[in-house]
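Chain by chain, the residues run as shown.
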Amino acid sequence: MTASFKPKASLFALMILMFGCLLFYFSASPFEGRLNTSLWKKSHPMTSADQRELVQVLRNASMPDRTVILTTLNDAWASPGSVIDLFLESFWIGEDTKKLLNHLVIVAMDEKAYGRCMSIHPHCYFLTTTDVNFTAEKRFMTPDYLKLMWRRIEFLGQVLELGYSFVFTDADIMWFRDPFQHFNVADQLVIACDFYTGDPNDHKNRANGGFNFVKSNAITVEFYKYWYMARVLYPNSHDQAVFDIIKHDPAVNALGLSIKYLDTAYFGGFCQPSKDMNKVSTMHANCCVGIEKKLQDLRLVLDNWKNFTALSTEDKILKGSSKTSPWSAPDKCKSW
C-alpha cells in the first residue's frame, strides 16, 4: 500500500514541497538533450564509456524519428525457454511485428542476462548497478523488486534526456500487432492499464507501467525526474503506485504533461483480457506473481494466437464476435 499523509494540511504542505522541487529542477537543469542534471548523477552516475555505449546501442536500434523499443532482462527471465524466448517468439508470429525487432533494445540487469542477450539479439545494453544484485527473480514488493523498478525509471529518464523516445515493454508482454498505430504525433506519455474505464483521458484508469510510449521532450524529461524524485516521499511504494499519486499533483499539471491511457481491448492482460483477437496488439501477464505461473499461461496465450491466425477470415470474424473469452489464460495465474 502507498503511504498516506494526514491531516489535509500535511498533504497541502507535501504538494508545495514537491512543486518547489520541480521548479528548482526547471531552473537548474534545462533540457539540453544530454545527461547533465545532478538528479541522475547523484544516484547512479553513468561513466563516459557507459554513455557512449548506450548512445551507440540506441543509435543502432533507432527508428528514423529517434524512437526505440526497450525491455529489461535479468538472469531469472533469460534462460533458454524462459520469458525472454516467449517474448521474442511473439514478435516472430505476430502480424507485422517481426520488423520491430530491429528497433528493440534489451537492457540486461546482470552479466548472465547480458551474455544471453548477446547470443540471441543484436541490440543489447548492460545496465550496471553497484548497490544491488538483480540476477535472481525479484518477487513483487520485496526490497530488491522496488530497487529494480526505480532503477528502471531512472534509466528511462536518462534515455529521454539523450533525446530518444521509447516504447517500454515488460518482457512478459506478448506482441501480436504493431502498437504504433495507436499512438499519434501529439502524444507525450501513453500508458497501458490493468483496468480501463472506457475513457483514454480518465485519471481513474489503473495505469500499468509495464507498457508505455513516451516522447522525448522537455516536459517528459522533467516528469521523469519528478517521478524518480517522488520515490523518496513514498519509500515503500513501487513506481506504478507513485505514478498513480503524482499524476494528480499540481506540479504535474503545471508541466503541461498529457497522459493517455490505452484501451485494454487492444492492450489487454490477465487483469482485464482483450475480448477480440481481431483487435489485440499486446497481451500482458499482469495480475500474476511467480515466473512459473507466468510461463505456463504465456505459453497458452501463444498457442491461442497461433490457432487464431490459422483460421479463415470468416472464422476470425466469428471468433471476434463470440461472447466467450478467446484465451485459455489466465489459468495458473488465477491464483496469484
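This text goes with the structure placed above it.
If you're wondering where the values come from, they're calculated on a predicted model, not measured in any experiment.

Novice: Is there a simple way to think about the nonpolar core in this case?
Specialist: Most often, soluble globular proteins have nonpolar side chains that are buried together. Counting 51 residues, the largest nonpolar core has Leu-70, Phe-166, Phe-223 and Tyr-224 as the members making the most contacts within it. For this core, the element with the most residues is helix α6 (residues 143–161), which contributes ten residues. Contacts of Phe-223, omitting those with residues within four sequence positions, involve Leu-189, Phe-243, Ile-246, Val-252, Leu-255 and Leu-257. Formed by 49 residues, the second largest nonpolar core is a distinct cluster that contains Leu-73, Ala-108, Cys-117 and Phe-176.

Novice: Help me out: how do you make sense of the packing of aromatic side chains in this one?
Specialist: Each aromatic ring pair is summarised here by two numbers: the centre-to-centre distance and the angle between the ring planes. Enumeration over the complete set of coordinates arrives at 18 aromatic pairs. Relative to Phe-243, the ring of Phe-223 lies with its centre 6.0 Å away and its plane at 90 degrees, an arrangement referred to as edge-to-face. Residue Phe-223 is located in helix α7 (residues 218–230), and its partner Phe-243 is located in helix α8 (residues 239–246); the two are separated by 20 residues in the primary sequence. Using a relative accessible area of 0% as the deciding quantity, one classes Phe-223 as buried. Pairing Trp-305 with Phe-308 gives two aromatic rings, centres 5.6 Å apart and planes at 35 degrees, and the pair type is tilted. In this pair, Trp-305 and Phe-308 are both assigned in helix α10 (residues 291–309), three residues apart and thus about one turn of the helix distant. Overall, Trp-305 belongs to the buried group, its relative accessible area being 0%. Here a set of aromatic residues connected by ring pairs shows up, and it is made of Phe-87, Phe-91, Trp-175, Phe-211 and Phe-267. The lysine or arginine in question, Arg-231, covers the ring of Tyr-228, its NZ or CZ lying 3.9 Å from the ring centre.

Novice: I'm lost on the pairing of strand β2 (residues 104–108) in this one. Help?
Specialist: Looking along a regular strand, one sees side chains alternate from face to face of the sheet. Where burial is concerned, most of β2 is hidden: five out of the five residues are buried. Burial along β2 is two-sided: the residues Leu-104, Ile-106 and Ala-108 and Val-105 and Val-107 are all buried. As defined by bridge partners, strand β1 (residues 67–73) adjoins β2 across five bridges and the pair is classed as parallel. From the neighbouring strand, Thr-71 faces β2, where its bridge partner is Ile-106. Handedness of the crossover joining β1 and β2 through helix α4 (residues 83–93) is recorded here as right-handed. Across three bridges, the pairing between β2 and strand β3 (residues 124–126) is parallel. Within the sheet, the bridge partner assigned to Val-107 lies in β3 and is Tyr-125. Between β2 and its parallel partner β3, the chain crosses via helix α5 (residues 111–120), and the hand of that crossover is right-handed.

Novice: Is there a simple way to explain the pattern of salt bridges in this structure?
Specialist: Applying the stated criterion across every chain yields a total of twelve salt bridges. With a shortest N-O distance of 3.1 Å, Asp-96 and Lys-99 are connected by a salt bridge. Connected through salt bridges with shared partners, the residues Arg-152, Asp-170 and Asp-239 form a single ionic network.

About the criteria used
- Residues numbered from 1 in each chain as written.
- Predicted model: local features only at pLDDT ≥ 70, side-chain atom pairs only at ≥ 80, totals over all residues.
- Heavy atoms only, no water.
- Core = buried A, V, L, I, M, F, W, Y, C linked by side-chain atoms within 4.5 Å.
- Buried < 20%, exposed > 50% of the residue type's maximum accessible area, 1.4 Å probe, protein only.
- Helix = DSSP H or I, 4+ residues; strand = E, 2+ residues; numbered from the N terminus.
- Contact = heavy atoms within 4.5 Å.
- Phe/Tyr/Trp six-rings, centres within 6.5 Å; stacked < 30°, edge-to-face > 60°.
- Lys NZ or Arg CZ within 6 Å of the ring centre and 35° of its normal.
- Pairing = 2+ DSSP bridges.
- Right-handed = clockwise from strand over helix to strand, strands pointing away.
- Salt bridge = Lys/Arg side-chain N within 4 Å of Asp/Glu carboxyl O.

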